[in-house]
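Single-letter residue listing:
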Amino acid sequence: MSDAWDPRNLPSLAGRTVVVTGGNAGIGYFTVEQLAGAGARVVIAARSAEKAELAMRSVRERVPGAELAHVRLDLLSLDSVREAAERIAEFRPLHALVNNAGLVIASRTRLLTADGFEQTVGGNFLGHFALTTLLFPALAPDGRVVGLGSDSTRMVRLDADDLWSDRTYKPFRAYAFSKHAVQGFQLELARRLTAAGDSRMSLLAHPGWSTNAYAAKRPGITDRDPLGVRVGEALSGWVGQGKDHGAWPSVRAVADLDAVNGMYFGPSRMLAGRPVPTTPVASSASSAFGAALWSDAESRTATRFPL
Ligand SMILES: NC(=O)c1ccc[n+]([C@@H]2O[C@H](COP(=O)([O-])OP(=O)(O)OC[C@H]3O[C@@H](n4cnc5c(N)ncnc54)[C@H](OP(=O)(O)O)[C@@H]3O)[C@@H](O)[C@H]2O)c1
């Protein structure tokens with residue numbers, strides 16, 4: 001597996017359909033722009049139609065004739081996930097589902113999703129678990145599911161018995177747990193695909209530390225955060241990178257023809273750099289964690305993953 005993969009020179013994705021959750025802002029926006037630039041048809045699944053319209057206009061200015069669509073998705077409501085999955089399935093066959101959307105800090109206090117689960121893990125992980133379950137039958141035989149992991153999993157040790165913060169809630173702890181869960185899910189999916197002899201792939205990507213302040217300017221998109229956030233990003237972002245480069249690991253996971261089921265891509269210098277293969281923390285790679293997470297998610301979503 002080459003470290004010299006060039007994110008600025010993608011193979012053609014003409015005829016491929018990719019779904020990007022949270023594709024109307026941040027890393028998701030740049031993931032859409034780069035994949036559309038390589039010829040993919042892209043479905044943006046996100047809450048705000050206004051932000052999605054702006055994102056699609058911005059992509060079309062740079063990629064004339066780009067085939068784009070928006071489907072409304074709120075990961076904090078399983079009803080919304082079910083409705084979105086039905087609409088997205090109309091675009092089948094899907095060649096990649098990029099589960100990008102994410103809340104870093106849902107709230108300083110422990111809030112619940114519409115279905116009664118802690119919001120950070122409920123949205124970042126459980127919503128995507130349900131979406132993937134429902135869209136799996138629409139995924140092409142060479143299709144890929146890409147999850148967005150995070151280095152926060154290296155900073156906060158997993159307490160699998162308190163994944164849902166029933167005992168203790170701290171915003172960043174809950175965020176890191178949501179990313180442990182995303183990584184655990186994608187790696188468990190990879191194991192199950194291999195065991196079933198299924199040709200589809202489950203992959204992970206993480207963007208290091210990516211900010212709007214250092215990204216290529218996209219009016220109304222990269223400048224949407226409050227001024228205070230942008231100033232904070234600008235002051236601290238020198239060790240990181242722009243969200244345009246933050247999209248590279250996800251884009252590689254979708255487009256690299258040599259990618260192998262279960263791979264994880266991240267920036268070469270941990271927080272920034274070209275997209276290269278990396279490794280997850282051992283706790284989220286544990287098959288015991290993956291199996292327990294899977295059955296817990298099936299029971300919370302009242303779904304059964306077809307694997
Ligand atoms: N930036 C980093 O340095 C960094 C580091 C590690 C991992 N990550 C991960 O990378 C991903 C993208 O991060 P980002 O920095 O680009 O975040 P961002 O700029 O805050 O964008 C988040 C995206 O998620 C969508 N979203 C939020 N809540 C949603 C919900 N309930 N339902 C559907 N969509 C929702 C937002 O759109 P709407 O609000 O319109 O729905 C938006 O498009 C996340 O998974 C994040 O955890 C980022």
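Since the model is a prediction, treat every value here as computed from it, not as a measurement.

Participant: Looking at this model, I keep getting lost on the overall build of the protein. Mind explaining?
Facilitator: Scanning the protein from N- to C-terminus turns up 11 helices and 10 strands. C-alpha atoms of the protein, sized along the principal axes, occupy 45 × 45 × 40 Å. Long-range pairs, those at least 24 residues apart, make up 75% of the contacts in the protein between residues at least 6 apart in sequence. Element-wise, carbon and sulfur atoms account for 53% of the exposed surface of the protein, whose accessible area totals about 12,600 Å². The positive charge centre, built from 34 side chains, and the negative charge centre, built from 30, are 3 Å apart in the protein.

Participant: Can you help me understand the site of the ligand in this one?
Facilitator: Neighbouring the ligand are 26 residues, the closest being Asn24, Ile27, Asn100, Tyr175 and Lys243. Gly22 has a polar backbone atom sitting 3.0 Å from an oxygen atom of the ligand. Contact between the ligand and Asp74: a nitrogen atom at 3.0 Å from a side-chain N or O atom of the residue. For the ligand, whose accessible area on its own is 890 Å², the fraction buried by protein is 88%. Of all the secondary-structure elements, those providing two or more residues to the shell around the ligand are helix H1 (26-37) and helix H6 (171-196). Residue classes in the shell around the ligand are distributed as 11 nonpolar, 10 polar and five charged.

Participant: Could you clarify how one ought to interpret the packing of aromatic side chains in this entry?
Facilitator: When we look at a pair of aromatic rings, we describe it by the centre distance and by the angle of the planes. Per the counting criterion, the structure on display carries 12 aromatic pairs. Ring centres of Phe136 and Phe305 lie 5.0 Å apart, and the angle between their planes is 50 degrees; this geometry places the pair in the tilted category. One end of the pair, Phe136, is in the loop between helix H4 (119-135) and strand S5 (139-148); the other, Phe305, is in the segment after helix H11 (287-301), with 169 residues separating them in the sequence. With respect to class, Phe136 is no different from Phe305; both count as buried. Their ring planes at 65 degrees and their centres at 6.4 Å tell us that Phe185 and Phe305 sit as a pair that is edge-to-face. Pair noted here: Phe185 is in helix H6 and Phe305 is in the segment after H11, with a separation of 120 residues, a long-range link. What links up through ring pairs into an aromatic cluster is the set Phe125, Phe129, Phe136, Phe185, Trp294 and Phe305. Sitting over the ring of Trp294, Arg192 keeps its end group 4.0 Å from the ring centre. The ring of Phe136 is capped by Arg200, whose NZ or CZ atom sits 3.9 Å from the centre of that ring.

Parameters at a glance
Residues numbered from 1 in each chain as written. Predicted model: local features only at pLDDT ≥ 70, side-chain atom pairs only at ≥ 80, totals over all residues. Heavy atoms only, no water. Helix = DSSP H or I, 4+ residues; strand = E, 2+ residues; numbered from the N terminus. Contact = heavy atoms within 4.5 Å. Areas by Shrake-Rupley, 256 points an atom, 1.4 Å probe, with all protein chains shown as cover. Lys, Arg positive; Asp, Glu negative; His and termini not counted. Charge placed at Lys NZ, Arg CZ, Asp CG, Glu CD. Near = heavy atom within 4 Å. Polar contact = N/O pair within 3.5 Å; in protein donor to acceptor, adjacent residues only side chain to side chain. Nonpolar A, V, L, I, M, F, W, Y, C, P; charged D, E, K, R; others polar. Phe/Tyr/Trp six-rings, centres within 6.5 Å; stacked < 30°, edge-to-face > 60°. Buried < 20%, exposed > 50% of the residue type's maximum accessible area, 1.4 Å probe, protein only. Lys NZ or Arg CZ within 6 Å of the ring centre and 35° of its normal.

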